[in-house]
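# Results of the structural survey
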Amino acid sequence: MDELAIGLIGAGRIGKLHGDNIARLVPGARLEAVADIRLDGEHRLWAAKNGVKKVYDDPGEIWKDRDIDAVFICSSTDTHAEFIVQAARAGKHIFCEKPVHTDVRLIREALDEVDKAGVKLQVGFVRRFDHNHRKVHDTVASGKLGKPHIVKITSRDPEGPPLSYIAVSGGIFMDMTIHDFDMARYLAGSEVTEVSAWGAVLIDQNYKQYGDVDTAAVMLKFENGALGIIDNSRAARYGYDQRTEVHCDRGCIRVENDLADTSVTSTADGVVCEKPTWFFLERYNAAFADEVRDFVDAVKNGTAVPVGGKDGLEAVYIAMAAGKSLRENRPVKLAEIM
């Protein structure tokens, strides 16, 4: 195919980001249609600016459109599995934002439909496409540092989402830490076998009414013997804190935050540098475009997607184990979840 025609489902913040990238930054792809159940004039105006003439309030119109080769599922999490099934049955290749769903049974059913249809499914774990984290992965995977011993991930948002979002997010482990669970597997090159999680409400007491926490620490055990450490906060007041490190038997590699600029001012009063970039749109802007390019290339060239349905399922298993560990105050083996 000369150009991959893509239908976008869900035109919220992340959907518009992907739509803009498809329309403007990804050669060999075009944004063919947009569907959003809350379609309004603002959505229509945004679509028109991207040259999209097909705009629907019913995602079903995307499945029916024979001009569409692939779909981007950027709607609410509770719709993901159902839309994957419908897209697969319609013969459309699929890019789905994380998480695939919060119900393991529905995820498995969706993945079965993808396999039956023979279409591709990529899950939106964007951090794998970041230049810093990819360098850590590639260095560890090369073996030059030897066997990984400790994987450390710091992931702290600059401010929490609205409580209306917390009410339907599935909890911090399913919504926020799930990126870190995928990153841990990616960096360790191994599957997680056991999870211990702790959490607290230290930022906003309203989280308690939803049975959620805003501050968390997670310990992981991997099949290859390595240990993992993840810390999360919903409110790092200084910016988006995204650091990774892997300590191996012959050395260590780590990456620090991306800064607004790398200038350092030194005076008698002290040394000052810039704060980290504010949030994920700034920090991972290039990575979002790269993951779309890789998806388009995989579909057009018939190669494997870089982040598949199994990766999406494994991250959900770990998130569920973390939730169970927090509730029951004990380590949880993934075998209990799977």
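## Quick look at the sheet that holds strand 5 (residues 93–97)
Across the sheet, six strands lie side by side as 3-2-1-4-5-6; this open sheet has parallel pairing. Here the strands that pair on one side only, and so sit at the sheet edges, are strand 3 (54–56) and strand 6 (121–124). Taken pair by pair, the neighbouring strands of this sheet meet at an average axis angle of 25 degrees, ignoring direction. Bridge count for strand 5 against strand 6 is four bridges, and the pairing is parallel. Paired with Cys-96 across the two strands is Val-123, which belongs to strand 6. Against the sheet, helix 2 (residues 41–49) touches strand 1 (4–9), strand 2 (29–35) and strand 3, its axis set at about 165 degrees to strand 2.

## A word on a nonpolar patch on the surface
Side chains of Ile-150, Trp-198, Met-219 and Ile-229 sit close together on the surface and give an oily, nonpolar patch of about 340 Å² of accessible area. In this structure Ile-229 comes out as partly exposed when scored by relative accessible area, which is 36%.

## Describing the packing of helix 1 (residues 13–24) against helix 2
The geometry of helix 1 relative to helix 2 is characterised by a closest axis approach of 11 Å and an angle of 20 degrees between their N-to-C directions. Of the possible angle classes, the one that applies to helix 1 and helix 2 is roughly parallel. Relative to helix 2, the crossing made by helix 1 is right-handed. Two secondary-structure elements touch here, helix 1 through Gly-15, Lys-16, Gly-19 and Asp-20 and helix 2 through Glu-42, His-43 and Trp-46.

## Some details on the packing of aromatic side chains
Applying the stated rule across the entire model yields nine aromatic pairs. Taken together, the aromatic side chains of Tyr-240, Phe-279, Phe-280, Tyr-284 and Phe-288 make up a single cluster linked through ring pairs.

## A short note on the pattern of salt bridges
A full pass over the atoms with the stated rule returns 34 salt bridges. Arg-30 is paired through a salt bridge with Glu-32; the nearest N and O atoms lie 2.7 Å apart. Among the ionic pairs, Glu-328 bridges to Lys-324, the shortest N-O distance being 2.9 Å. With Glu-328 and Lys-324 both in helix 12 (residues 309–328), this residue pair falls four residues apart, about one helical turn. One salt-bridge network, held together by shared partners, links Arg-128, Asp-182, Arg-185, Glu-191, Lys-310, Asp-311 and Glu-314.

Calculation notes
- Positions within a chain are numbered from 1, following the residues in the order the chain's sequence is written.
- Reporting of local features is limited, given that this is a predicted model, to residues whose pLDDT is at least 70; pairs of side-chain atoms are given and counted only at 80 or more, and all residues count toward the totals for whole chains, interfaces and linings.
- As a convention, hydrogens and water are excluded, and side-chain values are obtained from all of the structure's heavy atoms.
- Any two strands with at least two DSSP bridges between them are considered paired.
- Elements are defined by DSSP. Helices are runs of H or I of four residues or more, strands are runs of E of two residues or more, and each kind is numbered from the N terminus.
- Axis definition: a line fitted to C-alpha atoms, over the contacting stretch in the case of helices. Angles run 0 to 180 degrees between N-to-C directions.
- The contact definition used throughout considers only heavy atoms, calling two residues in contact when any of these lie within 4.5 Å.
- Candidates for patches are residues over 30% relative accessible area with no salt bridge; among them, like charges are joined within 9 Å and nonpolar side chains (Val, Leu, Ile, Met, Phe, Trp, Tyr) within 5 Å.
- Here, Shrake-Rupley sampling with a 1.4 Å probe gives the accessible areas, and only protein chains in the shown set may cover a residue.
- Throughout this description, the term salt bridge denotes a Lys or Arg side-chain nitrogen within 4 Å of a carboxyl oxygen of Asp or Glu.
- Relative accessible area decides the class of each residue, using a 1.4 Å probe on protein chains only: under 20% of the type maximum gives buried, over 50% gives exposed, and in between gives partly exposed.
- Small angles under 35 degrees read as roughly parallel and large ones over 145 as roughly antiparallel, with 65 to 115 read as roughly perpendicular and the rest as oblique.
- What makes a crossing left-handed is the near helix being turned counterclockwise from the far one by less than a right angle; a clockwise turn instead makes it right-handed.
- Pairing of aromatic rings covers Phe, Tyr and Trp, the last counted by its six-membered ring, and requires centre-to-centre distances within 6.5 Å; plane angles under 30 degrees mean stacked, over 60 mean edge-to-face, and any other angle means tilted.

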